[in-house]
Amino acid sequence: MADRILEKQHEHEREQERERLREQEQKDLAVESHRGARPLEGYAGGHTTWTGDQDDEAAARVHAGDAEASQEASERQARLEPPEPDAEDDVGLRRE
């Protein structure tokens, strides 16, 4: 008896979920049927004062020495020299 009640409840929940998915699919089809600009996902349309220049400035500071460090590491590797001690600490490897 209890099994039958649970089975009915589960079937009802499954039917509700199917109906919800059908509604979502209809909404998706309606949106996709119209051509035009699409808003970004989660975009609220609010104004921001952040600019791409700020990203560029931060990246320039953070990655200022990357090219030189990469070049030095490549040259060391080409000469088969061991890496500098601080480079090993960054990776968490130490030779003993």
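Reading the values: rules and limits
Residues numbered from 1 in each chain as written. Predicted model: local features only at pLDDT ≥ 70, side-chain atom pairs only at ≥ 80, totals over all residues. Heavy atoms only, no water. Patch = residues over 30% accessible without salt bridge, like charges linked within 9 Å, V, L, I, M, F, W, Y side chains within 5 Å. Areas by Shrake-Rupley, 256 points an atom, 1.4 Å probe, with all protein chains shown as cover. Salt bridge = Lys/Arg side-chain N within 4 Å of Asp/Glu carboxyl O. Lys, Arg positive; Asp, Glu negative; His and termini not counted. Charge placed at Lys NZ, Arg CZ, Asp CG, Glu CD. Helix = DSSP H or I, 4+ residues; strand = E, 2+ residues; numbered from the N terminus. Buried < 20%, exposed > 50% of the residue type's maximum accessible area, 1.4 Å probe, protein only.

A. Summary view of a negative patch on the surface. Taken together, the side chains of Asp53, Asp55, Asp56 and Glu57 define an acidic patch exposed on the protein surface. Turning to its location among the elements, Asp55 is positioned in helix 2 (residues 52–62). Accessibility expressed as a relative area gives 43% for Asp55, which makes it partly exposed.

B. Spatial organisation of the pattern of salt bridges. Inspection of the entire model under this criterion finds seven salt bridges. With a shortest N-O distance of 2.7 Å, Glu17 and Arg20 are connected by a salt bridge. With Glu17 and Arg20 both in helix 1 (residues 2–32), this residue pair falls three residues apart, about one helical turn. The partly exposed category is assigned to Glu17, whose relative accessible area is 35%. Taking the shortest distance from any N to any O, the salt bridge between Glu19 and Arg22 comes out at 2.9 Å. Here the residue Glu19 and the residue Arg22 both occupy positions in helix 1, the gap between them amounting to three residues, near one helical turn. Looking at Glu19, the relative accessible area reads 35%, which means it is partly exposed.

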